Amino acid sequence: MTKKSFTIAVLPGDGIGPEVTAAAVTLLEQVAKQSDVTFQFTYGRIGGCAIDQDGTPLPEETLQLAKAADAVLLGAVGGPKWDQNPGHLRPEAGLLGIRKALGLYANLRPATMHPSLVEASSLKPEVVSGVDLMVVRELTGGIYFGEKKRYQGADGAEVAEDQLIYNEAEIERILRVSFEIARKRNKRLCSVDKANVLESSRLWRKVADRVAADYPDVELTHMLVDACAMQLVRAPKQFDVIVTENMFGDILSDEAAMLTGSIGMLASASLAEGSFGLYEPVHGSAPDIAGKGIANPLATFLSAALMLRYSLGLDAAAEAVEKAVSAVLAAGHRTGDIAPDPSKAIGTAEMTQLVLDELAKQAVAK
Ligand code: NAD
């Protein structure tokens, strides 16, 4: 039988990006060894390293490489070396550029509390233990992309305007992605808006109710964004999947992420139409620890798990990676960012090997 082959564009970026993506590639190679798939890895530059070598944070070659792949795995970009550059020559311009060029409209940010890390949260253990939710944020519409204006008002005072526009099609596609995700999880979807004040939210709610008819197996509820912000810290276990517009999602996804503690553990996915997606850890390039071999690779491993599930349809492999990460944490192994006792912290290579060893015990194919 010929093995199914997937092409993954790896964009390591700057700082710890190359260290954590290299670790994730060894993890994916192990997944391939244990299953009936193969991965072809292609490599491109993005961010500061691309500015240095190609004179632009997003070379055309990188974009073509990404478009030719089944999915993209990205490390992180940025660092002090490029901080004073003009806007178009800053590493972040590469990130915004690739998201736009690839049409990535749905941002997925899971917040999962690993039982052994409960103490790392700033909330009470009984509130956060068992938290397992996903925030789906609309990424290409809303107020961040609306027309912006500055002008002098009639009374001479300066006025600023930001337009918030959503059309039905934009709302429908993010709702459909969210219902599909809820189907793969615990079948509960909470749509968050500000329908008591905003017209765009009233349209959002109407579309959500209409789309819900196609997903009778998923329970849809609505919540106002201010209530959701409170409920996330009061009783976060009530949530399975939260879907919301761009600006609300920006804020709520960071709030939800902090329920679980460390930045070194947080994964993300950005999906386009079809199954294509870009997967990256939430953290930045961590220039303070780059090159020291101590970066936590788990956020990138968990991002790779999202890639296996949402772009490659390899649900069993995704689950196996997540279980392997949980098992290593449960056994008490910690990198410096999550270690209560820094003298016992392990490095990137050791953490990677431990996860590979755990993965070897798991069934990665159905
Ligand atoms: P950061 O996430 O890079 O680091 C914040 C702190 O967390 C640092 O102390 C760092 O050492 C630590 N940390 C982060 N990831 C870690 C990991 N995997 N293991 C262990 N410790 C980890 O945020 P920052 O310091 O504000 O930004 C540094 C650079 O990264 C800046 O240039 C910023 O613009 C860029 N940045 C990029 C992205 C991205 O590529 N998506 C996101 C955020 C920041």
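A brief report on the enclosed structure follows.

**Digging into the overall build of the chain**
1) Next: A tally of helices and strands in the chain yields twelve helices and twelve strands.
2) Next: Relative to the compact-globule value of 21 Å for 366 residues, the chain shows a C-alpha radius of gyration of 21 Å, a close match.
3) Next: Dimensions of the chain along its principal axes, counting C-alpha atoms only, are 65 × 50 × 50 Å.
4) Next: Counting only residues that meet the buried cut, the chain has 53% of its 366 residues in that class.
5) Next: Taking the contacts inside the chain whose residues are at least 6 apart along the sequence as the reference set, 75% of them involve residues at least 24 apart.
6) Next: Summed over its atoms, the accessible surface of the chain is roughly 16100 Å², and 54% of this surface lies on carbon and sulfur atoms.
7) Next: Side chains of the chain give 36 positive and 47 negative charges; the mean places of these two sets differ by 3 Å.

**Section: the packing of helix H1 (residues 17–33) against helix H12 (residues 348–360)**
1) Next: At their nearest, the axes of H1 and H12 sit 10 Å apart, and the two run at 15° to each other. In terms of orientation, H1 and H12 fall into the roughly parallel class. The element H1 and its partner H12 pack so that their crossing is right-handed. Contacts between H1 and H12 pair Glu-19, Ala-23, Thr-26, Leu-27, Gln-30 and Val-31 from the former with Thr-348, Thr-352, Val-355, Leu-356, Leu-359 and Ala-360 from the latter.
2) Next: Broken down by class, the residue content of the contact of H1 with H12 amounts to seven nonpolar, four polar and one charged.

**Brief notes about empty space enclosed by the protein**
A probe as big as a water molecule, rolled over the atoms, marks out the empty space that is left.
1) Next: Summed over the entire model, instances satisfying the criterion amount to one cavity of 30 Å³ or more.
2) Next: Looking at the largest cavity, its volume works out to about 50 Å³.
3) Next: Together, Leu-164, Tyr-166, Val-192, Asp-193, Leu-198, Ser-200, Ser-201, Trp-204, Glu-245 and Phe-248 line the largest cavity.
4) Next: Listed by contribution, the elements that provide at least two residues to the lining of the largest cavity are strand S8 (188–193) and helix H7 (199–212).
5) Next: Counted by class, the lining of the largest cavity contains six nonpolar, two polar and two charged residues.

**What to know about the pattern of salt bridges**
1) Next: If you walk through the whole model with that rule in mind, you get 25 salt bridges.
2) Next: With a closest N to O distance of 3.6 Å, Glu-92 and Arg-90 form a salt bridge.
3) Next: The exposure class assigned to Glu-92 is partly exposed, which follows from its relative accessible area of 35%.
4) Next: Taking the relative accessible area as the measure of exposure, Arg-90 reaches 27% and is therefore partly exposed.
5) Next: Across the pair Arg-185 and Asp-240 runs a salt bridge, and its minimum N-O distance is 2.9 Å. Of the two residues, Arg-185 sits in the loop between helix H6 (168–184) and S8 while Asp-240 sits in the loop between helix H8 (225–234) and strand S10 (241–244), which places them 55 residues apart along the sequence. By the burial criterion, Arg-185 is buried, and Asp-240 matches it.
6) Next: Via salt bridges that share partners, Glu-168, Glu-172, Arg-176, Arg-210 and Asp-214 belong to a single interconnected network.

**Notes on the nonpolar core**
Side chains of nonpolar character tend, in soluble globular proteins, to be buried together.
1) Next: Judged by nonpolar contacts, the single largest core of 91 residues is most densely connected at Phe-39, Leu-175 and Leu-308.
2) Next: The element that contributes the greatest number of residues to this core is helix H10 (residues 298–310), accounting for nine residues.
3) Next: Looking at which domains feed residues into this core, each of domain 1 (1–108 + 262–366) and domain 2 (132–259) supplies at least three.
4) Next: One finds Ala-66, Leu-74, Leu-102 and Phe-276 within the second-largest nonpolar core, a separate group that totals 17 residues.

**Focus on the packing of aromatic side chains**
1) Next: Here the structure, examined in full by the defined rule, presents four aromatic pairs.
2) Next: Measuring from ring centre to ring centre gives 5.6 Å for Tyr-166 and Trp-204, while their planes differ by 75°; the resulting arrangement is edge-to-face. Of this pair, Tyr-166 sits in the loop between strand S7 (158–162) and H6 while Trp-204 is found in helix H7, placing the two residues 38 residues apart along the sequence.
3) Next: A residue is classified by how much of its surface remains accessible, and Tyr-166, at 8% relative accessible area, is buried.
4) Next: Put simply, the rings of Phe-6, Phe-39 and Phe-41 pair up and form one aromatic cluster.
5) Next: Taking NZ or CZ as reference, Arg-173 lies 4.0 Å from the ring centre of Tyr-105, over its face.

**Quick look at the pairing of strand S2 (residues 37–43)**
1) Next: Pairing of strand S1 (residues 4–13) with S2 involves seven bridges; the strand directions are parallel. Note that in S2 the partner of Lys-4 across the bridge is Val-37.
2) Next: Read from S1 through H1 to S2, the crossover connection turns out right-handed.

**Re the side chain of Arg-309**
1) Next: Secondary-structure assignment places Arg-309 in helix H10.
2) Next: In this structure Arg-309 comes out as buried when scored by relative accessible area, which is 15%.
3) Next: Arg-309 has contacts with Lys-184, Leu-314, Asp-315, Ala-318, Glu-319 and Glu-322, leaving out every residue within four places of it along the chain.

About the thresholds
Counting restarts for each chain: residues are numbered from 1 in the order of the written sequence. Totals for whole chains, interfaces and linings use every residue, but because this is a predicted model, local features are given only for residues with pLDDT of at least 70 and side-chain atom pairs only at 80 or more, for both listing and counting. By convention in this description, side-chain values take in all heavy atoms of the structure and omit both hydrogens and water. Helix and strand definitions follow DSSP, with helices as H or I runs of at least four residues and strands as E runs of at least two, each counted in order from the N terminus. Put simply, the radius of gyration uses C-alpha atoms, and a globule should come to 2.2 Å times the residue count raised to 0.38. Categorising residues by exposure relies on relative accessible area from a 1.4 Å probe, with only protein chains included: less than 20% of the type maximum marks a residue as buried, more than 50% marks it as exposed, and the intermediate range marks it as partly exposed. By definition, residues are in contact when any of their heavy atoms lie within 4.5 Å. Residue-level accessible areas treat just the shown protein chains as cover; the underlying method is Shrake-Rupley with a 1.4 Å probe. Only four residue types enter the charge count, namely Lys and Arg as positive and Asp and Glu as negative; His and the chain termini do not. Charge positions are represented by NZ for Lys, CZ for Arg, CG for Asp and CD for Glu. To get an axis, fit a line to the C-alpha atoms, keeping to the stretch in contact for a helix; angles then go from 0 to 180 degrees between the N-to-C directions. Orientation labels follow simple angle bins: below 35 degrees gives roughly parallel, above 145 gives roughly antiparallel, 65 to 115 gives roughly perpendicular, and whatever is left gives oblique. Put simply, a crossing is left-handed when the front helix is turned counterclockwise from the back one by less than a right angle, and right-handed when it is turned clockwise. Under the scheme applied here, ten amino acids are nonpolar (Ala, Val, Leu, Ile, Met, Phe, Trp, Tyr, Cys and Pro), four are charged (Asp, Glu, Lys and Arg), and all others, including Gly, are polar. Grid points spaced at 1 Å over the protein atoms alone were grouped into cavities, where a 1.4 Å probe fits but cannot get out, and pockets, open sets with protein on both sides within 12 Å along at least five of seven lines, with lining residues defined by an atom within 4 Å of a point. Grid points are joined across faces, edges and corners, and a volume is the space filled by probe spheres set on the points. The term salt bridge refers to a side-chain nitrogen of Lys or Arg lying within 4 Å of a carboxyl oxygen of Asp or Glu. As used here, the term nonpolar core means buried Ala, Val, Leu, Ile, Met, Phe, Trp, Tyr and Cys residues forming a set that is joined through side-chain atoms within 4.5 Å. A domain assignment, automatic or from a database, supplies the domain bounds used here. Any Phe, Tyr or Trp ring, taking Trp's six-membered ring, that has another such ring centre within 6.5 Å forms a pair; planes under 30 degrees apart are called stacked, those over 60 apart edge-to-face, and the others tilted. Note on criteria: charge over ring means Lys NZ or Arg CZ within 6 Å of the ring centre, with the direction from the centre no more than 35 degrees off the ring normal. Paired strands are those between which DSSP finds at least two bridges. By convention, orient the strands away from the viewer: a clockwise path from the first strand over the helix to the second makes the crossover right-handed.

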